[in-house]
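Remarks on the overall topology
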Amino acid sequence: MRALDTLPDGMVEKRGSSLWLSHLVMIAGVLVIFFPIWLAFVASTVTQPEIVKPPMPLMPGDHFFENYSRALNAGVNVPVTTMLVNSLIMAIGIALGKIAISLISAFAIVYFRFPGRTLFFWMIFLTLMLPVEVRIVPTYEVVAGFGMLNSYSGLIFPLIASATATFLFRQFFMTIPDELAEAARVDGARPLRFFFDIVLPMSRTNIAALFVILFIYGWNQYLWPLLITTDPSMNTIVMGIKQMFPSGDDTADWPVIMATSILAMIPPVIVVVSMQKLFLRGLLESEK
Amino acid sequence: MEKRVTFKGWLLPLLLVFPQLLISAVFFFYPAGQAIWQSLFIPDPFGLSSQFVGLGNFKFLFGDSYYRASFVTTAIFSILVTLASLIPALLLAVVADRLIKGATVYRTLLIWPYAVAPAVAGVLWLFMFNTRVGVVSWYLGQFGYDWNHVLNDGEAMGLVVVASAWGRVSYNFLFFFAALQAVPKSVVEAAAIDGARFTRRFFTIVLPLISPTTFFLLVVNIVYAFFETFGVIHTITSGGPQQATTILVYKVFSDGFVGQDLGSSAAQSVVLLVVVGLMTIIQFKYLEKRVHY
Amino acid sequence: MKTKLKSYALGALAASVLCGPTAFAATEVQFWHAFTGRLGELVAEQVETFNGSQSDYQIVASHKGNYSETLNAGIAAFRAKEQPHILMVFEVGTATMMGAKGAIKPIHEVMADAGATFDPDAYIGSVKGYYTTTDGKMLSLPFNSSTPVLWVNKDALKAADVDPEVDLSTWQKVGEVLDKVKAAGSECPLTTAWQSWIHLENLSAYHNTPFATKDNGFAGLDTELAFNSELQVQHVQAMGDWAKDGKFMYAGRRNEGGANFRAGECALFTESSAGYAGISKEAQFEFAVRPLPYWEGSEGAPQNTIIGGASLWVMEGHEADEYKGVAAFLNFLSTADIQAKWHQDTGYLPITVAAGDKTKADGFYDKNPGTDIAVIQMTAKAPTANSKGLRLGSFDQIRGIIDEELEAVWSGDKTAQVALDSAVERGNKLLRRFEQANK
């Protein structure tokens, strides 16, 4: 990136008209991709009658504060702020929990020969293959058996049971030069020292990339939290949005639903944007 | 692929894999085993009684022509979602890669859809395309196009594909962008000096260089199209019109979770497991060979 | 008024969350329901009124998603022995709940065990009938019930030069009006919500024709679908022809058509009587409610329409004094004051005769003309075996099949006869599976 910055604009593609074309393509792409979100934002700033009488406006109205303060205080069972906090705890818990257990187990698979290693490796593969919805009822019974309904651990643990992250870390560890481990071994370094001093720092960007992916995975969960939180104070935000849609013949309060949807997007967007640099570097390295 | 250099000992590695093993066993293998076992029964939803039927659930499924047809629907849907999420993402990434000014702004706007939960994305797209009153279908109507995804199966398929692919475009864009940034500029410039046109340079040099990323995204997106799109379909079409958008996982979800037919739902997930297993083998055997590392 | 109610309800919720059972030392009763938005506020208000009216029991209401999510949450919870005391189940889940002996405690038992006064005759026959055994024992308490009616956009009729008070009592007359409205250039003369419920289930009951054998499933699990007889085929074919001519616009399987009607796009709309709240809130045109049309010349029509909506089921596995709380709450919900208020606020039908009488005495029907049409339509005749309701297993999936087959008719891919024959055949397979699961 730095090297490229020093080049004059359009070094790779010299013609100026092409540069404009590039911007045109990007702007068109952004317009199409961003349009649904723009529309949600517009809907969150106008009134219900403006939305239900087609066509709804395409430019924001002046009910921003009214709708958003209603959204923040509304919520089906609990205020939206409570749900946002729950989602945050759940998403961070899933991301950190999965990264932690995956890092150490991937380290064990790559750097040790131990009984049952191959079996363990294939078990990891298997967990990538069965959709959550299929095992949702038996999983619920397990969680209930442990008394983990309505708890953060019940929200978090079943969702870190798949081994995607272990698989990715294994791929990355395989690319770490053998010389480093050799040198550590010659120095008489203990495996855990090697892990903390060499492997962990080298995995920094991978961890960041996975954190982003897992955070969003956790944040966007819907069916699972719906099933296991019977106590309203444990509800999450995505669940809350869906709950604002009426059953049967009642009508939807679009401005509040859309305002809540926008609020629900902000934390994951902040995470992605703020970790963008690390995230991209992490992706680069894990793809080798 | 194996490491040549390893550490000695077996207690430490076992301790290290223990947390993962425990969580997988308790929250994955036990419940998954239960689900597979159930495919041999017709249980009642409350778990009060259940009838052993052997392979009866499978016979019931494959005797149903609608179920057999949904394999084709699933294939079409998955291919379309994968293409619709990869191609625009690659195009945008290629263009963004060539820009220095404004790239961050574009990138920041492009990643928003990734932050939208699939459950909410379905609602958003239905909101825009609701027959005659959605804002997009209304404007289409003004231009003389009568949008009607509730009866037109092509439009229904198009809408669920776009709604499912939407968030993935952002995700894929990030990966492609990262891969393209890693392509050494010197290689590309050398070709440019040789006078190779951009399109040729792209197909002969850049595309092979980013093929590991493309392969990874291909696998991830097919899995996504298979497993994680049922919520979007449930919200927008409920599998209709007729059965035009009923994909396999949506049927697992609607028979099991909505229809309370746990036996059939479990049998369907066993079928899915086999399908996904076969696909994984094919992908790694044939596609990976053609990928240049 | 509205905001006051809301803050009242929210305050109640906060109180029940913050204080919990320890502060009250009252017996806690869990109540899971599927209502959000305005209906959710009204439920919260009912609960709060009950909690405030006595100190022995504390109802804790919790919203569990839409109807099928609520049912699933209840089932999953039962399997894990964490079930609530009261679970709201939509009408299509009735057979599933009935089949779950050992998971549910019928209302008549709950009331008898608790020693509560309970008079089944106080409830309106055609409402409670759906949730009553063939020998008259009430299994669950109807909570929100509605029935389909015909909604009319008077402005759209005027624009087509049709007298807005035109007679729309029969489908023949509706057909004539559709011709005129279409000729005047309307894009949507007629639309519908919940097509299976209105145009097959209610159509059958309204014309005293079986939807399924064995008294529509009330008399046994070995029931078979029967909605491919002449009446239903003729009706669906007529609708299909209207769809082909652009006189009937299909908008979706649920109540998507409501958005079109409320936006003023459609002249006529067949939808639940509970659509009242939404239509009166959003419609910027003059509207009216009419009884659901019937086919003139069909013997016994109009009979009575059947209900849709949800009822409250009591689940097994709790303590006797908790069931006393359940009985007290359900009796409270059945009182005339609460019922009359619910009926007037929501457009749902009253479940007791007394609530209907009170609403009339309050002058509500005079002030809101048309709101009594659903009640009259339901109660005009005593229900027959064909119009008591439906009790079919896997009914949610069967409705899905019906939706698919009707869509084939609307799009012109199949004739009504072919589509309905196919729906019956496919649905029967599911009924046999359900029978096997509930042996």
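Rules used in this analysis
- Residues numbered from 1 in each chain as written.
- Chains lettered and ligands numbered in written order.
- Predicted model: local features only at pLDDT ≥ 70, side-chain atom pairs only at ≥ 80, totals over all residues.
- Helix = DSSP H or I, 4+ residues; strand = E, 2+ residues; numbered from the N terminus.
- Rg over C-alpha atoms; globule rule 2.2 N^0.38 Å.
- Buried ≥ 20, exposed ≤ 12 C-beta atoms within 10 Å, placed from the backbone.
- Contact = placed C-beta atoms within 7 Å.
- Nonpolar A, V, L, I, M, F, W, Y, C, P; charged D, E, K, R; others polar.
- Expected span 1.5 Å × (residues − 1).
- Domains from an automatic or database assignment.
- pLDDT = per-residue confidence, 0-100.
- Core = buried A, V, L, I, M, F, W, Y, C linked by C-beta atoms within 7 Å.
- Pairing = 2+ DSSP bridges.
- Axes fitted to C-alpha atoms, helices over the stretch in contact; angles between N-to-C directions.
- Parallel < 35°, antiparallel > 145°, perpendicular 65-115°, else oblique.
- Left-handed = near helix turned anticlockwise from the far one by under 90°.
- Bend = angle between axes of the 7 residues up to and from the residue.

Re the overall build of chain C
Helix and strand counts for chain C come out as 20 helices and ten strands. Relative to the 2.2 N^0.38 estimate, which gives 22 Å for 439 residues, the radius of gyration of chain C is 22 Å and therefore close to what a compact globule would have. With the C-alpha coordinates aligned to their principal axes, the bounding extent of chain C is approximately 70 × 50 × 35 Å. Every one of the 439 residues in chain C was classed for burial, and the buried ones make up 60%. Taking as baseline every contact in chain C between residues at least 6 positions apart, the subset at least 24 positions apart corresponds to 76%.

Topic: the overall build of chain A
When its secondary structure is counted, chain A shows 16 helices and zero strands. When each of the 288 residues of chain A is scored for burial, the buried share is 51%. Counted over contacts in chain A with a minimum sequence separation of 6, partners at least 24 positions apart contribute 73%.

Points about the interface of chain B and chain C
Each partner contributes to the interface: chain B provides 25 residues, whereas chain C provides 33 residues. For the side of chain B that touches chain C, the secondary-structure elements that each account for two or more residues are β1 (41-43) and α12 (248-258) of chain B. In terms of residues, the side of chain B that touches chain C owes the most to one element, α12 of chain B, which gives three residues. Per-class residue counts for the side of chain B that touches chain C are eleven nonpolar, ten polar and four charged.

A closer look at the interface of chain B and chain A
A common measure of how large an interface is: the accessible area buried when the components associate. Facing 81 residues of chain B, the contacting portion of chain A comprises 74 residues. For the side of chain B that touches chain A, the leading source of residues is helix α1 (residues 11-38) of chain B, giving 18 residues. Class assignment for the residues of the side of chain B that touches chain A results in 64 nonpolar, twelve polar and five charged.

Here we look at helix α14 (residues 320-334) of chain C
Under the 1.5 Å per step criterion, the end-to-end length of α14 of chain C is 21 Å for 15 residues, consistent within 8% with the ideal 21 Å. Within α14 of chain C, burial applies to Y323, G325, V326, A327, A328, F329, L330 and L333 of chain C.

Here's the deal with the domain arrangement of chain C
Residue and element names in this part refer to chain C. Partitioning chain C into domains gives domain 1 (2-146 + 307-367) and domain 2 (148-305 + 393-437). Taking only C-alpha atoms into account, the centre of domain 1 sits 30 Å from that of domain 2. Top contributing element to the side of domain 1 that touches domain 2 by residue count: helix α4 (residues 94-99), with three residues.

Things to note about the environment of M26 of chain A
With respect to the element layout, M26 of chain A can be found in helix α2 (residues 16-43). Along the backbone, M26 of chain A and A71 of chain A are 45 residues apart, and their C-alpha atoms lie at a distance of 33 Å.

Here's the deal with the confidence of the model for chain A
As a note on interpretation, predicted positions should not be read in detail where pLDDT is low. Scored by pLDDT, chain A has a mean of 83; 88% of the residues are at 70 or more. The low-confidence segment residues 1-14 of chain A, where pLDDT is below 50, has 16 contacts with residues more than four positions distant or belonging to other chains.

Observations concerning the nonpolar core
Soluble globular proteins tend to pack their nonpolar side chains together in the buried interior. Core analysis: the biggest nonpolar cluster contains 302 residues, and F107 and V212 of chain A together with V249 of chain B have the highest contact counts within it. In terms of residues, this core owes the most to one element, helix α5 (residues 80-111) of chain A, which gives 17 residues. Once residues within four sequence positions are removed from consideration, F107 of chain A is found in contact with F173, F195 and V199 of chain A together with L16 of chain B.

As for the pairing of strand β8 (residues 268-272) of chain C
Residue and element names in this part refer to chain C. Across the five residues of β8, five count as buried, placing the element largely inside the fold. As paired elements, strand β6 (residues 148-153) and β8 share five bridges and run antiparallel to each other. By the bridge assignment, L150 is partnered in β8 with T270. Looking at chain direction, strand β7 (residues 190-192) and β8 are connected through three bridges and run parallel. Each bridged residue has a counterpart across the sheet, and for L190 the counterpart in β8 is L268.

Details of the packing of helix α6 (residues 117-127) of chain A against α1 of chain B
Taken N-terminus to C-terminus, the directions of α6 of chain A and α1 of chain B make an angle of 45°; their axes are 12 Å apart at the nearest point. Comparing the axis directions of α6 of chain A and α1 of chain B gives the class oblique. Remark: the crossing between α6 of chain A and α1 of chain B carries left-handed chirality. Contacts between α6 of chain A and α1 of chain B involve F120, M123 and T127 of chain A from the former and V17, L21, S24 and F28 of chain B from the latter. Looking at the contact of α6 of chain A with α1 of chain B, its residues break down into five nonpolar, two polar and no charged.

Describing α1 of chain B
Along its length, α1 of chain B reaches its greatest deviation from straightness, about 45°, at A25 of chain B. For α1 of chain B, every residue scored as buried is listed here: P13, L16, V17, Q20, I23, S24, F27, F28, P31, A32, A35 and Q38 of chain B.

Brief notes about the domain arrangement of chain A
Residue and element names in this part refer to chain A. If you check the domain split of chain A, you get domain 1 (2-67) and domain 2 (73-286). Counting residues at the interface gives ten residues for domain 1, matched by eight residues for domain 2. Broken down by secondary-structure element, the contributors of at least two residues to the side of domain 1 that touches domain 2 are α2 and α3 (48-52). For the side of domain 1 that touches domain 2, the element with the highest residue contribution is α2, accounting for three residues. Looking at the side of domain 1 that touches domain 2 residue by residue, the classes come out as five nonpolar, five polar and no charged.

Some points on unusual backbone geometry
Between P54 of chain A and the following residue, P55 of chain A, the backbone shows a cis peptide bond with an omega angle of -5°. Here P55 of chain A shows up in the loop between α3 and α4 (64-73). Here the amide bond leading from G240 of chain B into P241 of chain B is cis, since omega sits at 0°, within 30 degrees of zero. You will see that N216 of chain C, though not glycine, has its phi angle at about 55°, which is positive. Tracing the backbone through its elements, the reader meets N216 of chain C in helix α10 (residues 213-216).

Describing the environment of E69 of chain C
All names here are of chain C. Mapped onto the fold, E69 is located in helix α3 (residues 67-79). Residue class for E69 comes out buried when judged on the 22 C-beta atoms lying within 10 Å of it. Remark: the alpha-carbon pair of E69 and H33, spanning 36 residues in sequence, is separated by 9.9 Å.

A closer look at the sheet that holds β8 of chain C
Sheet strands pair by backbone hydrogen bonding; their relative direction is either parallel or antiparallel. All names here are of chain C. With mixed pairing, four strands are arranged side by side in an open sheet as β7-β8-β6-β9. In the strand order of this sheet, the two ends are held by β7 and β9 (287-290), each with one partner. Taken over all neighbouring pairs, the strand axes of this sheet differ in orientation by 25° on average, direction set aside. As paired elements, β6 and β9 share four bridges and run antiparallel to each other. By the bridge assignment for β9, N153 is matched with F287.

Quick look at the pairing of strand β2 (residues 57-63) of chain C
Residues and elements named next belong to chain C. Burial runs high along β2: six of the seven residues are buried. Pairing between strand β1 (residues 27-33) and β2: seven bridges, direction parallel. Each residue of the ladder has a partner; that of H33, found in β2, is H63.

Observations regarding the confidence of the model for chain C
Across chain C, the average pLDDT comes to 90, with 94% of residues at or above 70. Ignoring residues within four places in sequence, the model shows residues 1-24 of chain C, a span with pLDDT below 50, making 20 contacts including any to other chains.

Describing the environment of G61 of chain A
All names here are of chain A. In this fold, G61 is placed in the loop between α3 and α4. The partly exposed category is assigned to G61, around which 18 C-beta atoms lie within 10 Å. In the structure, G61 is positioned 20 residues away from F41 in sequence and 9.8 Å away in space, judged by C-alpha atoms. Excluding residues that lie within four positions of it along the chain, G61 makes contacts with T45, V46 and E50.

Section: the packing of helix α3 (residues 65-98) of chain B against helix α10 (residues 211-227) of chain B
Residues and elements named next belong to chain B. At a closest axis distance of 9 Å, the pairing of α3 and α10 adopts a crossing angle of 130°. The orientation of α3 relative to α10 falls into the category oblique. For the pair α3 and α10, the crossing hand works out as right-handed. Touching F77, S78, V81, T82, S85 and L86 of α3 are L217, L218, N221, I222, A225 and F226, all from α10. The residue inventory of the contact of α3 with α10, partitioned by class, reads eight nonpolar, four polar and no charged.

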